[in-house]
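A closer look at the structure
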Amino acid sequence: MTRLRILSIATLFPDTARPNFGLFVEKSLRALAAQPGVDLTIVAPVGLPPFPLSLHPRYRQLRALPRAESWNGLVVHRPRFPLIPRIGARFNPAMVARAVLAAVRGQAFDVVDAQFFYPDGPAAMRVADALGLPFSVKARGADISHFGHDPATAPQLIEAADKAAGLLAVSDAMRRDMAAIGIDPAKIAVHYTGIDTARFAPGDRAAARAALGIGDAPMILTVGALIPRKGQALVIEALPALPGVDYRLAGAGEAEGHYRALAQRLGVADRVHVMGPVANADLPMLYRAADAVVMPSVSEGLANAWVEAIACGTPIVISDAGGAAELVTSPAAGRIVQRTPEAIAAAVQVILANPPAASDVAASLGDRFDWDRNGRELAAHLRRCAGSRE
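Figured I'd write up the structure that's included with this text. (Residues numbered from 1 in each chain as written. Predicted model: local features only at pLDDT ≥ 70, side-chain atom pairs only at ≥ 80, totals over all residues. Heavy atoms only, no water.)

**Points about the overall build of the chain**
Summing up its helical and strand segments, the chain has 16 helices and 16 strands in all. Over its C-alpha trace the chain gives a radius of gyration of 21 Å, about what one expects of a compact globule, namely 21 Å for 390 residues. Projecting the C-alpha coordinates of the chain onto the three principal axes gives extents of approximately 60 × 50 × 40 Å. Long-range pairs, those at least 24 residues apart, make up 70% of the contacts in the chain between residues at least 6 apart in sequence. If you sum the accessible surface of the chain, you get close to 16100 Å²; carbon and sulfur atoms cover 55% of it. Across the chain, 40 positive and 36 negative side-chain charges occur, with their mean positions spaced 6 Å apart. (Helix = DSSP H or I, 4+ residues; strand = E, 2+ residues; numbered from the N terminus. Rg over C-alpha atoms; globule rule 2.2 N^0.38 Å. Contact = heavy atoms within 4.5 Å. Areas by Shrake-Rupley, 256 points an atom, 1.4 Å probe, with all protein chains shown as cover. Lys, Arg positive; Asp, Glu negative; His and termini not counted. Charge placed at Lys NZ, Arg CZ, Asp CG, Glu CD.)

**Here's the deal with the packing of aromatic side chains**
Going through the model one piece at a time under the given rule, you end up with three aromatic pairs. Centre to centre, the rings of Tyr118 and Phe147 are 5.0 Å apart; their planes meet at 25°, and the pair counts as stacked. With Tyr118 in the loop between strand E7 (111-114) and helix H4 (120-131) and Phe147 in the loop between helix H5 (142-145) and helix H6 (154-163), this pair connects stretches of sequence that are 29 residues apart. Assessed through its relative accessible area of 19%, Phe147 is described here as buried. The ring centre of Trp71 lies 5.2 Å from the NZ or CZ of Arg78, which sits over that ring. (Phe/Tyr/Trp six-rings, centres within 6.5 Å; stacked < 30°, edge-to-face > 60°. Buried < 20%, exposed > 50% of the residue type's maximum accessible area, 1.4 Å probe, protein only. Lys NZ or Arg CZ within 6 Å of the ring centre and 35° of its normal.)

**What about helix H16 (residues 371-387)?**
The end-to-end C-alpha distance of H16, which contains 17 residues, comes to 24 Å, matching closely the 24 Å that a straight helix rising 1.5 Å per residue would cover. By the burial criterion, the buried members of H16 are Trp371, Arg373, Asn374, Gly375, Leu378, Ala379, His381, Leu382, Cys385 and Ala386. Between the side-chain oxygen of the N-cap and the backbone nitrogen of Asp372 there are 3.1 Å, and the N-cap of H16 in question is Asp370. (Expected span 1.5 Å × (residues − 1). Polar contact = N/O pair within 3.5 Å; in protein donor to acceptor, adjacent residues only side chain to side chain.)

**Some remarks on the pattern of salt bridges**
The full count for this structure, using the stated rule, is 13 salt bridges. Among the ionic pairs, Asp15 bridges to Arg18, the shortest N-O distance being 2.6 Å. The class for Arg18 is partly exposed, based on a relative accessible area of 27%. Here the salt bridges share partners, and the residues they tie into one network are Asp172, Arg175 and Arg176. (Salt bridge = Lys/Arg side-chain N within 4 Å of Asp/Glu carboxyl O.)

**Section: helix H12 (residues 304-311)**
Counting buried residues in H12 gives eight out of eight residues, a clear majority hidden from the surface. Taken together, the buried positions of H12 are Asn304, Ala305, Trp306, Val307, Glu308, Ala309, Ile310 and Ala311. Just downstream of H12, Gly313 is the residue with a positive phi angle, here 90°.

**Quick notes on the packing of helix H1 (residues 23-33) against H16**
Interaxial distance between H1 and H16 falls to 7 Å at its minimum, and their mutual angle equals 70°. Taken together, H1 and H16 sit at an angle that is classed as roughly perpendicular. Across from Phe24, Lys27, Ser28, Ala31 and Leu32 in H1, the residues of H16 making contact are Trp371, Asn374, Gly375, Leu378, Ala379 and Leu382. Residue composition of the contact of H1 with H16, by class: seven nonpolar, three polar and one charged. (Axes fitted to C-alpha atoms, helices over the stretch in contact; angles between N-to-C directions. Parallel < 35°, antiparallel > 145°, perpendicular 65-115°, else oblique. Nonpolar A, V, L, I, M, F, W, Y, C, P; charged D, E, K, R; others polar.)

Here you go:
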């Protein structure tokens, strides 16, 4: 088999300062690197604002990251690029491309892979043009729902889609969203995420609750950043109609203060528990402890937390966002609801009244979400893209 030399650009990728940042990208690229005949080089550019903003404490750990390292067996370069907070999104692809080209100067590749559509996609377009290579871009969610509609970024995103040798989407719904903004659907292949089925699997709910110090009260859970788009406020507003139900929020973000104040105002503060970021290694136990995972997001591609929860045997209550209908394919898997507190409360009540067997919930996934399959499909896709220049 001919060796396939892949240059993967991933602005979403974990590091010591942000171990959960883009963890799903790392897992997909690890699965890719494990495929036969693949040589993978990853460039995970780090954006830093100009001096003196770069001295802000939030950037201190990022400044200390190594320029290149072996990360869980993967070769990862971390060049810096100038980042202008809030207003500089239109400039990021050019800055990222310049950093990538400097980091891999003198190396040879067969194809360029972008793991997020913006800024990675337009950056990959520039890098591929400079190196005379074909490139591929993957769409995951907010990269299309936000950057694909923002006048400051959409033109570059569409140009990258037009020039790419191939495109990927995390769900068929995402594929349709891409087509709706003018991207050729014939170029787009659906590429589902994967999960570690040895870790994310059904277990004893009572034992999980005991291990986490959770009492007997029903517990619902949201996993994700505390930001308005994720819809945690709607879950808090549903709690008055769910007496005795505790709500745990695994994550951190800008809306935490608002959520705490909302819970206080509604008289449910004693049942709302903000946990902060939860390490991926601790998530299976948390999913098993929950009676339902509730995530009424405004938009998603196909959220990893949805898949992980179901794999652990916990039904989900989610909005009709992204690939929801591709995941909730049976009542055992959960419910797709309108984004209202009343609809959320009603769905949770149904699940609590007649909880499905954990084995039935997990079985609803079939064999669609497996990291080895994810890696095989990605390698085959990139081989096709590499062959497009022949």
